[in-house]
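Now for the letters of each chain:
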Amino acid sequence: MRKIKIRNLKSITYITIIFIVLILFLTGASFGKSINTILIKYKGDIAKPILEVRSDPALDIIDTKTEGIYNFYVRNYDENGKISDVKVKYMLEIKDNIHSKLKNTISYELYKNNQKIEMLNNVTNMMEIPNNKLQEDKYQLKIKYDKNASRYMKDILDKIQIKIHSEQVK
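As a starting point, this report considers the structure included with it. The structure displayed is predicted, hence computed values, not measured ones.

Conventions we followed
- Residues numbered from 1 in each chain as written.
- Predicted model: local features only at pLDDT ≥ 70, side-chain atom pairs only at ≥ 80, totals over all residues.
- Heavy atoms only, no water.
- Helix = DSSP H or I, 4+ residues; strand = E, 2+ residues; numbered from the N terminus.
- Buried < 20%, exposed > 50% of the residue type's maximum accessible area, 1.4 Å probe, protein only.
- Areas by Shrake-Rupley, 256 points an atom, 1.4 Å probe, with all protein chains shown as cover.
- Pairing = 2+ DSSP bridges.
- Axes fitted to C-alpha atoms, helices over the stretch in contact; angles between N-to-C directions.
- Core = buried A, V, L, I, M, F, W, Y, C linked by side-chain atoms within 4.5 Å.
- Contact = heavy atoms within 4.5 Å.
- Polar contact = N/O pair within 3.5 Å; in protein donor to acceptor, adjacent residues only side chain to side chain.

### So, the overall build of the protein
(1) Moving on: Assigned secondary structure in the protein consists of one helix and eight strands.
(2) Moving on: Taken from N to C terminus, the helices and strands of the protein fall in the order α-β-β-β-β-β-β-β-β.
(3) Moving on: Out of the 170 residues in the protein, the part that is buried amounts to 26%.
(4) Moving on: For the protein, the exposed area adds up to about 13,600 Å²; of that, 53% sits on carbon and sulfur atoms.

So this is what it looks like as structure tokens:
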């Protein structure tokens with residue numbers, strides 16, 4: 001009697017499995033992952049920002065001359081007259097490698113088109129140069145040295161750099 005029950009149980013299991021497989025084939029349901037691809041083609045020019053800097057030769061400050069003026073120019077066009085394709089934001093930073101104890105013996109004043117520009121920690125605020133007209137801004141950096149504060153000028157002036165950090169505007 002037990003053999004008959006086990007045989008019937010095996011038969012019912014086989015029939016159930018075959019029935020489930022047939023139902024899956026006949027229902028048309030499928031399991032899968034779909035992949036969509038979107039192809040975008042664009043042919044165009046890349047915007048070319050132009051921000052050129054021209055400057056005077058290096059400036060020497062000596063013991064008898066305690067003030068110097070360094071002129072430089074920032075413009076939005078190149079030597080061929082091609083204007084920048086985009087607006088450009090930029091800021092100026094004055095860097096020096098003066099020893100921290102002697103920092104108070106030298107001072108900087110920056111002028112843009114003869115108007116004084118305020119600086120915080122020798123960095124200006126962001127300024128913008130347009131892309132719809134030729135523009136050249138004249139900058140003057142006045143460097144003043146207090147020769148009474150230090151015995152040796154070489155302790156003070158080694159190298160001063162003007163760095164321009166720029167980014168294009170959307």
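### With respect to the sheet that holds strand β1 (residues 52-55)
(1) Moving on: The antiparallel open sheet is built from five strands, whose spatial order is β1-β2-β7-β4-β5. Two strands bound the open sheet, and with one partner strand each, they are β1 and β5 (115-117). Each adjacent strand pair in this sheet contributes to an overall mean axis angle of 30°, direction not counted.
(2) Moving on: Two strands pair when backbone bridges link them, and strand β2 (residues 67-75) and strand β7 (residues 136-145) are joined in this way by nine bridges, in the antiparallel orientation. Its bridge partner lying in β7, Y73 is registered against K138.

### Here's the deal with the nonpolar core
(1) Moving on: Among the nonpolar cores identified, the biggest contains 17 residues, and F72, Y90, L92, Y108, L110, Y139 and L141 are the most heavily contacted of them.
(2) Moving on: At four residues, the largest contribution of residues to this core is made by strand β3 (residues 88-96).
(3) Moving on: Residue contacts for L92: discarding those within four places in its chain leaves F72, L110, N122, V123, T124, M127, Y139, K163 and I164.

### Comments concerning the side chain of D137
(1) Moving on: Mapped onto the elements of the fold, D137 is located in strand β7.
(2) Moving on: Classification of D137 by relative accessible area gives buried; the value is 3%.
(3) Moving on: Side-chain polar atoms of D137 contact the side chain of Q135, separated by 3.1 Å.
(4) Moving on: Residues contacting D137, with those up to four places away along its chain left out, are F72, Y73, V74, Y90, K112, N113 and I129.

### Re the sheet that holds strand β6 (residues 127-129)
Across a sheet, strands are paired by hydrogen bonds formed along the backbone, either parallel or antiparallel in direction.
(1) Moving on: The antiparallel open sheet is built from three strands, whose spatial order is β6-β3-β8. Of all the strands in the sheet, the pair left with one neighbour each is β6 and β8 (160-168). On average, adjacent strands in this sheet sit at an angle of 35° to one another, irrespective of strand direction.
(2) Moving on: Bridge analysis of β3 against β8 gives nine bridges, and the strand direction is antiparallel. Note that in β8 the partner of K89 across the bridge is E167.

### Observations concerning the environment of K48
(1) Moving on: Along the chain, K48 turns up in the loop between α1 (2-27) and β1.
(2) Moving on: Expressed as a C-alpha distance, the spacing of K48 and I83, which sit 35 residues apart in the sequence, is 9.1 Å.
(3) Moving on: Beyond its immediate sequence surroundings of up to four residues, K48 is in contact with S84 and D85.

### A few points about unusual backbone geometry
(1) Moving on: The residue N121 is not glycine, and still its phi comes out positive at about 55°.
(2) Moving on: In this fold, N121 is placed in the loop between β5 and β6.
(3) Moving on: N121 sits in the exposed class, given a relative accessible area of 69%.
(4) Moving on: The phi dihedral of N122 falls on the positive side, at around 65°, and the residue is not glycine.
(5) Moving on: Position of N122 among the secondary structure elements: in the loop between β5 and β6.

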